[in-house]
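Structure assessment
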Amino acid sequence: MAIYSFWIFDRHCNCIFDREWTLKTNPSSGTTNSKLNEDTAKLLYGMIFSLRSISQKLGSLDSFNEIRTIATAKYRAHILCTASGLWFVLLSDLKQEDLSQVLRYLYSEIYVKTVVYNWLSPVDFAETANEKRGQGFRKIRNRQFLLAVEQFLGPMVN
Amino acid sequence: MKQKIINPSTSVNTATHPGSTGYDYTMGPQQTLPDLPVSSGTIAASGTNGGSSTAASAHTSLPSVYNGSLHPHAHNQHVSLAAFAFLFQELISQARNASKSVSEIEMRLHRNGYHIGIRLLELLNFRSSVSPGFGSTSSSRAFFSKTSINSSSNTLALNNALTTTQDEPSLAQGISHMKRRDLKPVEILQFIHSTVWTYLFGRVSDDLVKSSERDNEYMLVDSAPMLSQFISSTNVQCDFFVCGIIEGILDSASFPCNVTIHSVPEPNFQQRAVFVVRFEQQVLEREALRA
Amino acid sequence: MSASTNSVPNSSTGSKKSLKAFSDDIWKNKTAKINAELFTLTYGSIVSQLCTDYERDFVKVNNQLFLMGYNIGMRLIEDFLARTALPRCESLAKTSEVVSKCAFKIFLNVTPQVGNWSSSQDAFSLFLDENPLSDFVELPMDAAKELWYSNILCGVLKGALEMVQMDCDVFFTSDVLKGDQTTELRVKLNRVLKDEIPAGED
């Protein structure tokens, strides 16, 4: 069982959270290479965005055809898209067939409880119009959220 | 209806009283809104949308607050904690936006709670005076008729009560004698520890302790405060709202006091809160005279 | 509350039962609950505080309640979607059902009646026979004319629907607190918003 990374994109096409466990630049300080992650986030978003619009075009108009997983030779991406436009994405090794329950838990028990219920945390991370459409840079900084994600996903990392 | 003692807000009499515009002591307080239809049948609703209301004469008498039953089961008993949490957060934001300092925010929350507290003392005392069996007998089942659709637990037993809506007995009929007023500080605190806490949070508080240092001081302990559980990393004590509720109840019971909250985390209960009730000196003096 | 019965236009009756059972199950088994009276009283203290703060300028109070509701709606929708896992609705008729039978049910444990559809099917009303916000409320004389006591609900719906890309106008047209026969909340769909796409993609 191995999870490589976890990403959240908001309705403004911005990556509002990323955590990559495989990048270990400096384990003692816990910092990851943020510039590299930013590019990866854009590519990941682009891949899901394209495949998602194709899969929706392939389905009939009135039926609901949401993309769930994408597999490559190296990894599998697990995707949860909510009706409100949030995307939760987990990258794992190929042994993970289905992580939809894990994604649901991340959404309903962690994101909702620590971000949505927390009046100190924003729910819209684009503060101005310039930060929409993938131009944003703000992330979830909420300590409770970071802690809960680490506690929940940490054991699944390897 | 049978003869009625004057018990405002407790009867569920839906009949209207022709020509009653002033206060009628045999009826209790009446709805006083200016544009309410005065009596059923004769005068059609004059409201903004009183289009085709002549036929629906049965509906022209609107229920007033005084017709609502005080029975806890006569209304929706629960809403989701989520709905409350969202509302509570807006209450806090509102207080925050209108305040310049942390203590001012807390004072506003306290005041919001206080206004709830002063309303609760009478209501809860009244309810705990109702004899335990009342409401389960066939004659008073109609109490539940409004909610039997919603309240899952009662649905089976009360389905047949759906048809009866008129002769709902007053809750006051279930009271043989009113519960005595609490006179000692310990009594009223126990009332808060058990009755009030159960009413608000569905369980009794975790502890009620008397301070060993000051004899006017008592402590109510809540290991996991319900209302502020989703609020984190803030220097504002949002449970000042609950302090306000407690103080409102104690004040209206003639126990003037000051209630504050202190966060005392324990390993298993990070949000453990201690509510400190500090009675004014006059309460102790009165207590000394009574003894 | 008034016992008005409003005829509901048949809108996709097929899923009616299942949606109700679905919501009942969520309410019964998957929802943490709290005393409805505490909720009512807390809302009451918010409204009365606003009336004081705005020196009984009830138009301002209405606006502020709406704004508070809007903020709530933006968040509440996530909680709603997390618990129901519902996809976007394909029609406004479906939306009206989900709002009344599911959203109102699992948050407030009431189910307003849907009715009064506009001829172009772009607006409907919710009739609140029960309203947990206003139990035991009587408006003071000076407020009866202008104050929409439960206006926060409009804001909540507005905010929540906007988050699923439905731009709506939401407002009360009548309220039993004002002496009206019913409490009617109107929802009018202006347009369905498009999902944002990254800059440079269009």
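Higher on the page you've got the structure.
About the cut-offs
Residues numbered from 1 in each chain as written. Chains lettered and ligands numbered in written order. Predicted model: local features only at pLDDT ≥ 70, side-chain atom pairs only at ≥ 80, totals over all residues. Heavy atoms only, no water. Contact = heavy atoms within 4.5 Å. Salt bridge = Lys/Arg side-chain N within 4 Å of Asp/Glu carboxyl O. Polar contact = N/O pair within 3.5 Å; in protein donor to acceptor, adjacent residues only side chain to side chain. Nonpolar A, V, L, I, M, F, W, Y, C, P; charged D, E, K, R; others polar. Buried < 20%, exposed > 50% of the residue type's maximum accessible area, 1.4 Å probe, protein only. Helix = DSSP H or I, 4+ residues; strand = E, 2+ residues; numbered from the N terminus. Pairing = 2+ DSSP bridges.

Contacts between the two partners involve eleven residues from chain B and, on the opposite side, seven residues from chain A. Between chain B and chain A we count zero salt bridges in total. On the surface where chain B and chain A come into contact, there are one residue pair in polar contact (both at pLDDT 80 or more). When the residues that make up the side of chain B that touches chain A are grouped by side-chain class, the tally is five nonpolar, five polar and one charged.

What follows concerns the pairing of strand β3 (residues 217–222) of chain B. Residues and elements named next belong to chain B. Among the six residues of β3, five are classified as buried, and the element is accordingly described as predominantly covered. With four bridges joining them, strand β2 (residues 207–210) and β3 adopt antiparallel strand pairing. Pairing of Asp 207 across the sheet is with Val 221, part of β3. Counted between consecutive antiparallel strands, the loop separating β2 from β3 contains six residues. Bridge analysis of β3 against strand β5 (residues 273–279) gives six bridges, and the strand direction is antiparallel.

All right, on to the pairing of strand β1 (residues 3–9) of chain A then. Taken residue by residue, a regular strand's side chains alternate between the two faces of the sheet. All names here are of chain A. In terms of burial, β1 is a largely internal element, six of the seven residues being buried. With six bridges connecting them, β1 and strand β5 (residues 87–92) associate as antiparallel partners. Looking at the pairing, Phe 6 lines up with Leu 90 of β5. In the sheet, β1 pairs with strand β2 (residues 15–20) via five bridges, with the strands oriented antiparallel. Across the sheet, the residue bridging to Ser 5 is Glu 20, located in β2. The hairpin formed by β1 and β2 contains five residues between the paired strands, and Cys 13 there has a positive phi angle of roughly 65°.

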